[in-house]
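Listed below, chain by chain, are the residues.
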There are 2 protein chains.
Amino acid sequence: MLDYSLGQGAYENWVLAERDFSALHLGKSETVMMLGNGYLGLRSATEEPYLNEQRNLFINGTFNQADKNEVTELPNAADTTRLDIRIDGQRFSLEFGNSEDYSKQLNLKNAELIRSFVWTSPKGKELQFRFSRFAFFDNLHLIGMKMEVECLSHAVVLSIDSGIDARMSNSGVQHFLEGDHRIIEEHFLQLTQTTTQSEIDFVHNAVHILKINDERITGKADKDIDRRRVWLSFEAGLEPGDSFEMEKLITVHTSRDKDRDAEPYSLMHLQKHSHAELKKLEEKGYEKLAESHRLAWQKKVWDEYPFEVESENPTDQLALRFSLYHLTAMAPAHDDRLGIGAKALSGEAYKGHSFWDTEIFILPFFIFSAPETARSLLTYRYRGLPSARRKAIENGYAGAMYPWEMAWPTDGEATPEWGGIDIVTGERTKIWPGLIEHHISADIAFAVYQYANATGDKEFMERYGYEMVFETARFWASRLEWNEKRQQFEITDVIGPDEYKEHVDNNAFTNYMAYFNLKLAMHYAEVVEKKNPELFAKFDVEQAYCEWHSKAAQLHLPKPREPDSILPQDDTYLQLPDIDLGKYKKQKKSRTIYRDYNPEQVNRIQVTKQADVVLLFYLMEQTFLKDDFRFTQQAKRANFLYYEARTLHDSSLSLTTHVIAANDIGEYEYAYELFRRACLIDMGPNMDSSDDGIHAAAIGGIWKAAVFGFAGVRQSEGVLKINPRLPVKWKRMQFRIYWQSQSLQFDITDKLLKITSEGNKSIHVETDGTGYELLHSLEIPLADY
Amino acid sequence: MLDYSLGQGAYENWVLAERDFSALHLGKSETVMMLGNGYLGLRSATEEPYLNEQRNLFINGTFNQADKNEVTELPNAADTTRLDIRIDGQRFSLEFGNSEDYSKQLNLKNAELIRSFVWTSPKGKELQFRFSRFAFFDNLHLIGMKMEVECLSHAVVLSIDSGIDARMSNSGVQHFLEGDHRIIEEHFLQLTQTTTQSEIDFVHNAVHILKINDERITGKADKDIDRRRVWLSFEAGLEPGDSFEMEKLITVHTSRDKDRDAEPYSLMHLQKHSHAELKKLEEKGYEKLAESHRLAWQKKVWDEYPFEVESENPTDQLALRFSLYHLTAMAPAHDDRLGIGAKALSGEAYKGHSFWDTEIFILPFFIFSAPETARSLLTYRYRGLPSARRKAIENGYAGAMYPWEMAWPTDGEATPEWGGIDIVTGERTKIWPGLIEHHISADIAFAVYQYANATGDKEFMERYGYEMVFETARFWASRLEWNEKRQQFEITDVIGPDEYKEHVDNNAFTNYMAYFNLKLAMHYAEVVEKKNPELFAKFDVEQAYCEWHSKAAQLHLPKPREPDSILPQDDTYLQLPDIDLGKYKKQKKSRTIYRDYNPEQVNRIQVTKQADVVLLFYLMEQTFLKDDFRFTQQAKRANFLYYEARTLHDSSLSLTTHVIAANDIGEYEYAYELFRRACLIDMGPNMDSSDDGIHAAAIGGIWKAAVFGFAGVRQSEGVLKINPRLPVKWKRMQFRIYWQSQSLQFDITDKLLKITSEGNKSIHVETDGTGYELLHSLEIPLADY
């Protein structure tokens, strides 16, 4: 169980902690306390090893396909954090002896992991341990570690094996060929390995600085090299009162690094350069480096994304900081060839692949908080156009059909073919989304549209954005199927956002989003034709425009049934039997329905995995589709209630959309309740839920729910709307967003909305239907709600 | 520390046990208690996992080269022995709580592993555990396991995860592509995987039989499939007095299996067939299968290789049984495409490769105890002829140059290029034997000669043996280098048996063995020409004969120096400085000299890793090289004393040769002391020495030292000589050997040698220089010695 109360004084609501050690529940803190800087992600496995640990280091973008039966994935790089510690020859482990004052803390403010405790060995020897660790935010290649031991009672002999271990794998899949490993100048360790298929070189360096009673010791360590390992063994005798300190500075570089692009690449140069770099870092030592890391983090994160919530539940404030911490740790702001994986860089699950999670759940934060990073993430998708075109051709379509799971931009579709067990047949279940979950292409077009509206970044649109929208529109035009009977185009045999329904026809979300994509392409074509005829000619979309126009006009857009206005999720959903979902609605773990039904059976019940129709309502309202998606407030309410009753939120993407929707229809208490549940997806008491990695989309959703939900910030057709509805427990919220390159500071209570702009442009905003012009600041009294 | 005293009554001196559990020293019992049947080798890792365990299952011959930087090796197959056991939700581990009456026993008589103890959980709940396990000796594909738990005090909930886990690797090297895995008929697990390069399919099957208080329960288990894993989870509530039992029957088959050769191979067929087979085995259950396994073991091992020693140290008897047990477990008697690895099937080290260890240290046992198996092992070498010819060509030679390390017969040289750390440079050391340790080819010729003499197996010689000797002779003829100054042929830049001397010229062992090989080829050519002219024509060795003759006559054969008769190990050895080796002679671990000197430095000291010149004396005496190797008893003695003082026995191959040599020169007490040390290589108190696997050559050496040393059995030019010199502590030894297809039973005391023959042929034997004709039995009084 995580403890939120450990931060005191300046660190109040800044610290996520574990106060008890449990070897059965290592995954929780490994994941939620992971360290990262967008380049690397390091799970916070403890230094001393445990059986059920998951020790991972991922370098963003270093995808490798281990063999033809596997899909490409982010490989688990060599480990450098494990320390084999022995006290008087016996293995040190918290499973033995007795530990007091235990805490493992992630300090969000400093982005530093601290673990400390007093440990009494089974033989009664008392030692004070303190471990600290950070992933540097200035030099993205550096990890700093420190171990401090104070001998409190009897004399002990402390020994430590520490090195670089390339025996790691991804659940048994080995992605690396063994390369050189060596010890340079007696104490610098270096290990090189190369991915098997993508041929990316990884160069790991490590150096140790040892001190006893603050005096550096340079005594001889035992050196050893074995298969895929190089390490040193230290030994120190400690008397009562003695303190021992070991700093370990670690770097990792790869041949894929963006900062290598400038020079012609040579492995030998990288080995030499990285060694020389670490030699310089060694001169600074842990403390100086940690201090500059803390300053960098303050400047680039907390000064950039200020977010204050005054809530009766202080956890709400912590949850927002937790969200901002992880959004930063996962964002590859330094490299526009990289995306964000569904588990970010915190676990093997989903293999580092980017899903629609990025565009719909994570990108909004960046669009409104770090537009440059949002642009970088969309550029990543632009770089994926060639392989999206390839996928379209392979499937008999035109334009760009984005892969459901995307890895390195040129990798193409990366969705695996087989999943977990089918409890009926005893075989693995087939994973269909890579084949038939098509809405991703429209989701990306939608994200381009949102980014363009919020930033006004014309340069991006002309270089990348328009082309992405045109190409996805071409795809949809080719994807539509003519139904002779209906005399309409339709989209059959798909999976919509609700993945509990496979092979459905006319999933409302998919059809409307395809329609939106076509209309958006038409709109952009008109804009480009008018403003930049030369570019328009280059895009060569004149003929396509006509096709988009005629097909959009004839596309089947599901209509609400009468009299209850329920929009059918697909052609058959509303005809399926209902079952009593009570048991699954109350579940403590997700997807328990699979214990009773196999996918085929779930397919034939009115049960929804995650926001689908409800999400559609939310997205459509932010577009120009007024005429085609004219739903009353009553219909919104009816659909929310209907689908909420049937939605198990078995995807972590689901809850925060329902928060926003509930808030929109005035179900404020329920919205807050769902928000609290959403915050608990990773931070909550279920100690296993984060084992496989952080829920990146849910992390983005926390920010979204607060800003788009409670603060009521929403853009619609390029207009910024703010309709705050703070939860009863919230007194005030303050945060900053970017709009049209201007930084806007919001200060909201239940009575008053204050906006301060740092820019000089006047901005039109709307609150509760009334328009305002914001130049420098604006105060809008809020009506009761 | 191993305990030898646990076997009682009928099992006295049959049981090797551990009485204390130590998580720091798991390797010892994993190795020395390994289970095997020549087809598969299973390290005896405990069911519940520990951090430092080494869990291995090897299937002989299934070599795979994981990538171009690696050499081919025996892959670690999927694990089926691990059980994740929880008591009331807490992980069961002997590192927690309290255990009493602990023992882990290998019963050599039954070839069964038993582990039992009473465990009190940290919460005070008392349980009696008993685990048993065997590797079936009739159906080579089957492993049987049983777990019994009796609830002694409070009620507990016992839960177990058990399945097939293909996440195993060889120190991080993954040899398998993931294949199908499934659960058939609710409780049969099946997992298929295929090696990456050699494309060998492995099909693993497992089934569980659960009982509570002897009643089979078939309650629903949770089923799960994940990446490279398939498993079941069981749960049972136990009240005080309740007993729980789980049998797990496991099979493994591969597409390389010999018993698959008959039918056209199909993976689907193998999957179906192996599943059907396990279904039948399930009907029998653990106890019936274990009983038939015990009977098979008795019949095929203890009835075949009776060996009784009456010694004041009962351990001597146990050591002989230990040797016979492992010689059986390692021998692939079922398949003449397979060899014996230097660590047999008990560890990753040496990668399952066959070295000269087989011919010189292991094969003698089989020649004299199981000639069919000896023939099979030599046939394996015959099958390696094409790749030995390839190696010769690649190195610019003719004939057959055997690889220093041999894997699958067609794999060619399999010696890796890089080893452990060079403490001076910090880099890995280069492994030279694959390039320049050439004596292996002559060692194989010597083994053919020994086999032919002992068995008189003409059919083997005509099909395989002669060709091997001719081809290796062709190699040597091409390998010799003319030294203009000496006006002799010589052999430069080699490693002899003493691997502490790299790049030496005219290593005495190599030169004499090459000479022997040439002379043997000439001898065999004469024999074949006379007895089978047609075959002689086919071999086409007439011209080669002349070359052998002239080159052998001009080959430099090092001569003893005067006046002390020391035979120089090579051209420079006797000129190197001596250092004080006292520290290393007293070492508890081997190769401690590398802590102070790097290989280059060791190369320049009069220090010898292992029997070299001493081994040469021992081998030469068994040949026809009377004229060229006429050393006096005094010279033997001088050389033994000289080299013994300089030999660190840092190879486990070394000691037993020195046992025999010491006995030969009348140093009986020292011989026995060395014998005791040799027995302790695996069975001794050094708890780390067997971590990497059993010392197969040392195991063969135990038998050799007893039979060739103490019993003084030796063949010389086809004559069986028996000169018993029992150690003072031995009252009597009885054993059986085969000679010329006849089984001879020996019964030796210090006064009397009794030999009983089961055959009808008269056999000429010599004892202390006197010849005897043995028809049915013979009693020869022994002189005092």
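Rules used in this analysis
Residues numbered from 1 in each chain as written. Chains lettered and ligands numbered in written order. Predicted model: local features only at pLDDT ≥ 70, side-chain atom pairs only at ≥ 80, totals over all residues. Heavy atoms only, no water. Helix = DSSP H or I, 4+ residues; strand = E, 2+ residues; numbered from the N terminus. Rg over C-alpha atoms; globule rule 2.2 N^0.38 Å. Buried < 20%, exposed > 50% of the residue type's maximum accessible area, 1.4 Å probe, protein only. Contact = heavy atoms within 4.5 Å. Areas by Shrake-Rupley, 256 points an atom, 1.4 Å probe, with all protein chains shown as cover. Lys, Arg positive; Asp, Glu negative; His and termini not counted. Charge placed at Lys NZ, Arg CZ, Asp CG, Glu CD. UniProt positions renumbered as here; feature names shortened; annotations may be inferred. Phe/Tyr/Trp six-rings, centres within 6.5 Å; stacked < 30°, edge-to-face > 60°. Buried area = accessible area lost by both parts, 1.4 Å probe. Salt bridge = Lys/Arg side-chain N within 4 Å of Asp/Glu carboxyl O. Polar contact = N/O pair within 3.5 Å; in protein donor to acceptor, adjacent residues only side chain to side chain. Nonpolar A, V, L, I, M, F, W, Y, C, P; charged D, E, K, R; others polar. Domains from an automatic or database assignment. Patch = residues over 30% accessible without salt bridge, like charges linked within 9 Å, V, L, I, M, F, W, Y side chains within 5 Å. 1 Å grid on protein atoms, 1.4 Å probe; cavity = no way out; pocket = protein on both sides within 12 Å on 5 of 7 lines; lining within 4 Å. Points joined across faces, edges and corners; volume = space filled by probe spheres on them. Pairing = 2+ DSSP bridges. Axes fitted to C-alpha atoms, helices over the stretch in contact; angles between N-to-C directions. Least-squares fit on C-alpha atoms with pLDDT ≥ 70 in both.

1. Points about the overall build of chain A
For step 1, the next point in the chain: The number of helices and strands found in chain A is 19 helices and 32 strands.
For step 2, the next point in the chain: Rg of the C-alpha trace for chain A: 27 Å, near the compact-globule value of 28 Å for 785 residues, within the 12% margin.
For step 3, the next point in the chain: Each of the three principal axes of chain A carries a C-alpha extent, and together these read 85 × 60 × 55 Å.
For step 4, the next point in the chain: Residue burial in chain A is summarised as follows: out of 785 residues, 65% are buried.
For step 5, the next point in the chain: Relative to all contacts within chain A whose residues are 6 or more apart in sequence, the contacts with residues 24 or more apart total 68%.
For step 6, the next point in the chain: Total accessible area on chain A stands at roughly 28200 Å², and carbon and sulfur atoms take up 48% of it.
For step 7, the next point in the chain: Side chains of chain A give 90 positive and 120 negative charges; the mean places of these two sets differ by 1 Å.

2. Focus on the UniProt feature "domain: Glycoside hydrolase family 65 central catalytic" (unreviewed entry) in chain A
For step 1, the next point in the chain: As recorded in UniProt, the sites labelled "domain: Glycoside hydrolase family 65 central catalytic" (unreviewed entry) are residues 321-704 of chain A.
For step 2, the next point in the chain: What you have in residues 321-704 of chain A is 52% helix and 3% strand, and the ends, taken at the C-alpha atoms, are 13 Å apart.

3. Structural notes on the packing of aromatic side chains
For step 1, the next point in the chain: A complete count under the given rule lists 117 aromatic pairs over all chains for this structure.
For step 2, the next point in the chain: Here the aromatic rings of A:F21 and A:Y102 are separated by 6.0 Å at their centres, their planes lie at 65 degrees, and the arrangement is edge-to-face. Of this pair, A:F21 sits in the loop between β2 (15-18) and α1 (27-32) while A:Y102 sits in strand β8 (residues 98-107); the two residues are 81 residues apart in sequence, bridging distant segments of the chain.
For step 3, the next point in the chain: Aromatic pair B:Y512 and B:F629: ring centres 4.8 Å apart, planes at 90 degrees, arrangement edge-to-face. With B:Y512 in helix α10 (residues 508-531) and B:F629 in the loop between α15 (613-620) and α16 (633-646), this residue pair connects regions lying 117 residues apart in the sequence.

4. Some remarks on the UniProt feature "domain: Glycoside hydrolase family 65 C-terminal" (unreviewed entry) in chain A
For step 1, the next point in the chain: Listed under "domain: Glycoside hydrolase family 65 C-terminal" (unreviewed entry) in the UniProt record, and renumbered for this structure, are residues 714-774 of chain A.
For step 2, the next point in the chain: The span residues 714-774 of chain A is 0% helical and 67% strand by assignment, and the distance between its end C-alpha atoms comes to 16 Å.

5. Section: the interface of chain B and chain A
Interfaces are often described in size by the accessible area the parts lose on coming together.
For step 1, the next point in the chain: Taken together, the contacts link 41 residues of chain B with 41 residues of chain A.
For step 2, the next point in the chain: Where chain B abuts chain A, roughly 3800 Å² becomes buried across the two surfaces, and 49% of that area is made up of carbon and sulfur atoms.
For step 3, the next point in the chain: For the chain B face of the interface with chain A, the top three residues by lost area are B:L51, B:R227 and B:R428, together amounting to 19%.
For step 4, the next point in the chain: Our count for the chain B to chain A interface comes out at twelve salt bridges.
For step 5, the next point in the chain: Notably, a salt bridge pairs A:E427 with B:R182, separated by 3.0 Å at the nearest N-O pair.
For step 6, the next point in the chain: The tally of links between chain B and chain A comes to 14 residue pairs in polar contact (both at pLDDT 80 or more).
For step 7, the next point in the chain: By residue number, the principal contributor to the side of chain B that touches chain A is strand β13 (residues 176-184) of chain B, which donates five residues.
For step 8, the next point in the chain: Partitioned by chemical class, the residues of the side of chain B that touches chain A number eleven nonpolar, twelve polar and 18 charged.

6. Details of the domain arrangement of chain A
All names here are of chain A.
For step 1, the next point in the chain: Each assigned domain of chain A is listed with its residue range as follows: domain 1 (2-278), domain 2 (310-710) and domain 3 (716-785).
For step 2, the next point in the chain: Relative placement of domain 2 and domain 3: their C-alpha centres are 27 Å apart.
For step 3, the next point in the chain: When domain 2 packs against domain 3, the two sides together hide about 2000 Å² of surface, and 55% of this comes from carbon and sulfur.
For step 4, the next point in the chain: Considering only the surface of domain 2 that becomes buried against domain 3, E310, F368 and F710 emerge as the three largest contributors, covering 31% of it.
For step 5, the next point in the chain: Where domain 2 touches domain 3, the interface holds one salt bridge.
For step 6, the next point in the chain: For R732, the salt bridge goes to E310, with nearest N and O atoms at 3.9 Å.
For step 7, the next point in the chain: Put simply, domain 2 and domain 3 have twelve residue pairs in polar contact (both at pLDDT 80 or more) between them.
For step 8, the next point in the chain: For the side of domain 2 that touches domain 3, a count of residues per class yields 14 nonpolar, nine polar and five charged.

7. So, a positive patch on the surface
Residue and element names in this part refer to chain A.
For step 1, the next point in the chain: On the surface, K458, K530, K531 and K761 cluster together into a positively charged patch.
For step 2, the next point in the chain: Within the element layout of this structure, K530 appears in helix α10 (residues 508-531).
For step 3, the next point in the chain: For K530, a relative accessible area of 71% corresponds to the exposed category.

8. So, empty space enclosed by the protein
For step 1, the next point in the chain: Tallied over the full model, the rule gives 14 cavities of 30 Å³ or more.
For step 2, the next point in the chain: In this model, the largest cavity occupies a volume close to 100 Å³.
For step 3, the next point in the chain: Considering the residues around the largest cavity, the lining is formed by B:V614, B:F617, B:Y618, B:E621, B:K636, B:N639, B:F640, B:A661, B:D664 and B:I665.
For step 4, the next point in the chain: Of all elements in the fold, only α15, α16 and α17 (655-664) of chain B reach the threshold of two or more residues within the lining of the largest cavity.
For step 5, the next point in the chain: Partitioning the lining of the largest cavity into residue classes produces six nonpolar, one polar and three charged.
For step 6, the next point in the chain: In this model, the second largest cavity occupies a volume close to 80 Å³.
For step 7, the next point in the chain: In this structure, the second largest cavity is lined by A:V614, A:F617, A:Y618, A:E621, A:K636, A:N639, A:F640, A:A661, A:D664 and A:I665.
For step 8, the next point in the chain: Taken together, the elements giving at least two residues each to the lining of the second largest cavity come down to α15 (613-620), α16 (633-646) and α17 (655-664) of chain A.

9. Thoughts on the sheet that holds strand β30 (residues 763-767) of chain A
Residue and element names in this part refer to chain A.
For step 1, the next point in the chain: In space, the four strands of this open sheet follow the order β25-β26-β30-β31, with mixed pairing throughout. Among the strands making up the open sheet, the edge pair consists of β25 (713-716) and β31 (770-774). Here the average twist between neighbouring strands, direction ignored, is 35 degrees.

10. Comments concerning the pattern of salt bridges
When the charged atoms of two side chains with opposite charge come close together, those side chains can pair.
For step 1, the next point in the chain: Inspection of every chain in the model, using the stated rule, returns 131 salt bridges over all chains.
For step 2, the next point in the chain: Between A:D335 and A:K258 there is a salt bridge, with the nearest N and O atoms lying 4.0 Å from each other. Of this pair, A:D335 sits in the loop between α3 (314-330) and α4 (356-369) while A:K258 sits in the loop between β19 (243-254) and α2 (267-302), placing them 77 residues apart in sequence.
For step 3, the next point in the chain: Judged by relative accessible area, which is 32%, A:K258 ranks as partly exposed.
For step 4, the next point in the chain: By sharing partners, the salt bridges in this structure join B:E112, B:R130, B:K146, B:E148, B:E287, B:E291 and B:R294 into a single network.

11. Quick word on the sheet that holds strand β31 (residues 770-774) of chain B
Backbone-to-backbone hydrogen bonds pair the strands of a sheet. The strands run either parallel or antiparallel.
Residues and elements named next belong to chain B.
For step 1, the next point in the chain: Read from one edge to the other, the open sheet built from four strands follows the order β25-β26-β30-β31, with strand pairing classed as mixed. Each edge of the open sheet carries a strand with a single partner, namely β25 (713-716) and β31. Averaged over all pairs of adjacent strands, the angle between strand axes in this sheet comes to 35 degrees, irrespective of strand direction.
For step 2, the next point in the chain: Where strand β26 (residues 719-722) and strand β30 (residues 763-767) come together, two bridges link them in parallel fashion. Each bridged residue has a counterpart across the sheet, and for L720 the counterpart in β30 is V765.

12. A closer look at the environment of A:E779
Residues and elements named next belong to chain A.
For step 1, the next point in the chain: Mapping E779 onto the fold places it in strand β32 (residues 777-781).
For step 2, the next point in the chain: Separated by 606 residues in the primary sequence, E779 and V173 place their C-alpha atoms 58 Å from one another.
For step 3, the next point in the chain: Other than its neighbours up to four places away in sequence, E779 contacts L752, L753 and K754.

13. So, unusual backbone geometry
For step 1, the next point in the chain: Put simply, A:E562 and A:P563 share a cis peptide bond, and its omega is 5 degrees.
For step 2, the next point in the chain: Turning to its location among the elements, A:P563 is positioned in the loop between α12 (542-554) and α13 (582-585).
For step 3, the next point in the chain: Of note in the backbone geometry, B:S171 takes a positive phi value of approximately 45 degrees without being a glycine.
For step 4, the next point in the chain: In this structure, B:E185 takes a positive phi of about 50 degrees despite not being glycine.
For step 5, the next point in the chain: Mapped onto the elements, B:E185 comes out in the loop between β13 and β14 (188-195).
For step 6, the next point in the chain: Since its relative accessible area comes to 40%, B:E185 is described here as partly exposed.

14. Points about the environment of A:S354
Residues and elements named next belong to chain A.
For step 1, the next point in the chain: If you trace the backbone, S354 turns up in the loop between α3 and α4.
For step 2, the next point in the chain: Distance from S354 to E186, taken between C-alpha atoms, is 42 Å for residues 168 residues apart in sequence.
For step 3, the next point in the chain: The residues touching S354, leaving out its near neighbours within four places in the chain, are G339, I340, G341, Y380, R381, W404, E405 and M406.
For step 4, the next point in the chain: From its side chain, S354 meets the backbone oxygen of I340 in a polar contact 3.0 Å long.

15. Some details on the relation of the copies chain B and chain A
For step 1, the next point in the chain: When chain B is fitted to chain A, the residual RMSD is 0.1 Å, and the transformation amounts to a turn of 180 degrees plus an axial shift of 0.0 Å. Read as a symmetry element, the transformation amounts to a two-fold axis.
For step 2, the next point in the chain: Comparing interface residues between copies, 100% of those in chain B also lie at the interface in chain A; the contact surface is shared.

16. A word on the pairing of strand β13 (residues 176-184) of chain A
If a strand is regular, its side chains alternate between the two faces of the sheet.
All names here are of chain A.
For step 1, the next point in the chain: Of all the nine residues making up β13, seven are buried; the element is thus mostly covered by neighbouring parts of the structure.
For step 2, the next point in the chain: Taken together, the seven bridges between β13 and strand β14 (residues 188-195) define a ladder with antiparallel strand orientation. Each residue of the ladder has a partner; that of E178, found in β14, is Q193.

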